[in-house]
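Here are the chains, one letter per residue:
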Amino acid sequence: MSKEFDVVVVGSVNADLVVGVERRPAPGETVLGSDLATYPGGVGGNQAAAAARLGGRVGILARVGDDGHGEFLRGALADAGVRLEHLLVTPGPSGVALITVGPDGDNSIIVSPGANARLAPDDVAAARDMISSAAVVSFQLETPVPTVLAAARAAADAGARVVLNLSPPAPVPGELLALCDPLVVNEHEAAFLLGRGSEKRFETPSAMAEALLERGPRSVVITLGGDGALTADASGVVSVASPKVEVVDTTGAGDAFTAALCLRLAHGDALDEAARYAARVGAAAVRKPGAQSSYPTADDELPL
């Protein structure tokens with residue numbers, strides 16, 4: 001039976017405050033950077049915007065503050081085509097990410113959660129109809145884990161596919177891992193979940209993927225930046241290549257990947273097929289500055 005939403009995102013919405021630097025400062029050091037640029041962001045907001053820009057029917061459950069950033073973020077998500085019935089307003093500041101971008105396009109990020117920390121299980125209960133109307137529900141960890149778990153349970157009970165991006169890495173209960181199909185991690189997040197020294201114990205990403213499956217998720221995707229991704233499930237491990245592009249800014253590229261993955265899974269693609277499409281979307285996103293501002297639309301030609 002067709003669902004009202006392709007993807008519902010339960011997660012964070014932040015204002016990204018971005019400064020370009022020639023190099024990052026050492027402790028106690030000051031360096032000059034570029035003019036400050038403000039972009040709509042947050043792992044949840046990025047995923048919702050990316051999936052909607054690709055033509056998906058997308059809703060979001062999130063919180064913003066009653067400040068100027070909150071108004072800015074609401075407008076950006078609306079412009080992307082995201083349904084906002086459950087974008088809630090909390091008195092106080094919105095979430096903010098402080099981002100430095102180096103000359104190679106790599107970034108360093110500090111997140112102040114703001115309103116994101118106040119997304120609660122009661123909000124999940126109020127949004128249950130929307131969650132139940134989704135083919136895929138996507139989660140991240142910039143909101144409280146009890147809220148994520150409550151929403152994942154609601155999604156699974158409704159027959160939705162649960163996708164968890166372990167970003168930023170944090171301890172999660174085994175019950176949540178068991179609902180994931182897939183668990184999406186980069187190599188750092190995979191190493192966090194597998195424990196200290198796992199980079200040495202598992203010499204290849206394929207070995208890490210197989211070890212992650214043993215932790216309980218139904219399937220796993222490990223993103224490898226410019227090297228693409230790996231998918232793993234009961235049928236085995238598949239390597240997915242990424243197009244080679246000139247990198248301008250990697251901010252939000254992983255979110256674009258996950259959003260595209262969720263959208264194709266909602267449309268019925270196999271996991272490896274969805275990951276191949278997602279790698280192309282992720283590669284497109286690094287060619288422009290910012291997160292949501294860099295995301296392709298359904299009409300854009302993706303790199304091969």
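Scoring rules and cut-offs
- Residues numbered from 1 in each chain as written.
- Predicted model: local features only at pLDDT ≥ 70, side-chain atom pairs only at ≥ 80, totals over all residues.
- Heavy atoms only, no water.
- UniProt positions renumbered as here; feature names shortened; annotations may be inferred.
- Pairing = 2+ DSSP bridges.
- Helix = DSSP H or I, 4+ residues; strand = E, 2+ residues; numbered from the N terminus.
- Axes fitted to C-alpha atoms, helices over the stretch in contact; angles between N-to-C directions.
- Contact = heavy atoms within 4.5 Å.
- 1 Å grid on protein atoms, 1.4 Å probe; cavity = no way out; pocket = protein on both sides within 12 Å on 5 of 7 lines; lining within 4 Å.
- Points joined across faces, edges and corners; volume = space filled by probe spheres on them.
- Nonpolar A, V, L, I, M, F, W, Y, C, P; charged D, E, K, R; others polar.
- Polar contact = N/O pair within 3.5 Å; in protein donor to acceptor, adjacent residues only side chain to side chain.
- Buried < 20%, exposed > 50% of the residue type's maximum accessible area, 1.4 Å probe, protein only.
- Phe/Tyr/Trp six-rings, centres within 6.5 Å; stacked < 30°, edge-to-face > 60°.
- Lys NZ or Arg CZ within 6 Å of the ring centre and 35° of its normal.

Per an unreviewed UniProt entry, the protein goes by the name Ribokinase and belongs to Actinomadura miaoliensis. According to the UniProt record, the Function (unreviewed entry) comment for the protein is "Catalyzes the phosphorylation of ribose at O-5 in a reaction requiring ATP and magnesium. The resulting D-ribose-5-phosphate can then be used either for sythesis of nucleotides, histidine, and tryptophan, or as a component of the pentose phosphate pathway." One UniProt comment on the protein, placed under Catalytic activity (unreviewed entry), says "D-ribose + ATP = D-ribose 5-phosphate + ADP + H(+)".

Student: I'm lost on the sheet that holds strand 12 (residues 229–233) in this one. Help?
Tutor: Strand pairing in a sheet relies on backbone hydrogen bonds. The paired strands run either parallel or antiparallel. Ordered by their spatial adjacency, 9 strands build an open sheet running 5-4-1-8-9-10-11-12-13, and the pairing between neighbours is mixed. Two strands close off the open sheet at either side, each with one partner strand: strand 5 (83–90) and strand 13 (236–240). Recorded for the sheet is a direction-independent mean angle of 20 degrees between the axes of neighbouring strands. Where strand 1 (residues 5–10) and strand 8 (residues 134–139) come together, 5 bridges link them in parallel fashion. Its bridge partner lying in strand 8, Val 10 is registered against Phe 139. Taken strand by strand, helix 7 (residues 187–194) contacts strand 9 (161–165), strand 10 (180–186) and strand 11 (220–223), and its axis lies near 110 degrees from that of strand 10.

Student: I tried to follow unusual backbone geometry on my own but got confused; where do I start?
Tutor: Generally, phi is negative for residues other than glycine and the peptide bonds are trans, each holding for most cases. In this structure, Pro 168 follows Ser 167 across a cis peptide bond, with omega equal to -5 degrees. Secondary-structure assignment places Pro 168 in the loop between strand 9 and helix 6 (174–179).

Student: What am I meant to see in the layout of surface pockets here?
Tutor: Rolled over the atoms, a probe as big as a water molecule pinpoints where empty space is left. Its boundaries defined by the atoms lining it, the largest pocket holds a volume of some 1200 Å³. What lines the largest pocket is a set of 47 residues, and nearest its centre among them are Asn 186, Thr 250, Gly 252, Ala 253 and Gly 254. For the lining of the largest pocket, the elements supplying multiple residues, two or more each, are strand 2 (14–20), helix 1 (43–53), strand 6 (95–101), strand 7 (107–112), strand 10, helix 7, helix 10 (253–266) and helix 11 (271–285). By residue number, the principal contributor to the lining of the largest pocket is helix 10, which donates 5 residues. Across the lining of the largest pocket, the residue classes break down as 21 nonpolar, 19 polar and 7 charged.

Student: What is the right way to read the side chain of Ser 94 from this model?
Tutor: Mapped onto the fold, Ser 94 is located in the loop between strand 5 and strand 6. Within the structure, the side chain of Ser 94 is placed 2.7 Å from the side chain of Asp 67, a separation counted as a polar contact. Within polar-contact distance, the side chain of Ser 94 engages the backbone nitrogen of Gly 70 at 3.2 Å. The contact partners of Ser 94, leaving out residues within four places of it in the chain, are Val 64, Gly 65, Asp 67, His 69, Gly 70, Leu 73, Ser 112, Pro 113, Gly 114 and Ala 115.

Student: Can you help me understand the side chain of Asp 181 in this one?
Tutor: Here Asp 181 shows up in strand 10. With a relative accessible area of 18%, Asp 181 lands in the buried category. One polar contact links Asp 181 to Ser 219, side chain to side chain, over a distance of 2.7 Å.

Student: Would you mind going over the UniProt feature "active site" (unreviewed entry) in the protein with me for this structure?
Tutor: Here, UniProt's "active site" (unreviewed entry) annotation points to Asp 255. Residue placement: Asp 255 occurs in helix 10. In this view, Asp 255 contacts Gly 42, Val 43, Asn 46, Gln 47, Asn 165 and Tyr 295; residues no more than four positions away in its chain are not counted.

Student: How should I be thinking about the packing of aromatic side chains in this particular structure?
Tutor: Aromatic ring pairs are described here by two measures, namely the spacing of the ring centres and the angle between the planes. Tallied over the full model, the rule gives 0 aromatic pairs. Just above the ring of Tyr 277 sits the side chain of Arg 264; from NZ or CZ to the centre is 3.8 Å.

Student: In this structure, what is going on with the environment of Ser 242? I would like to understand it.
Tutor: One can find Ser 242 in the loop between strand 13 and helix 10. As a C-alpha pair, Ser 242 and Val 10 span 232 residues in sequence and 27 Å in three-dimensional space. The residues contacting Ser 242, other than those within four sequence positions of it, are Gly 225, Gly 226, Asp 227, Gly 228, Ala 279 and Ala 283.

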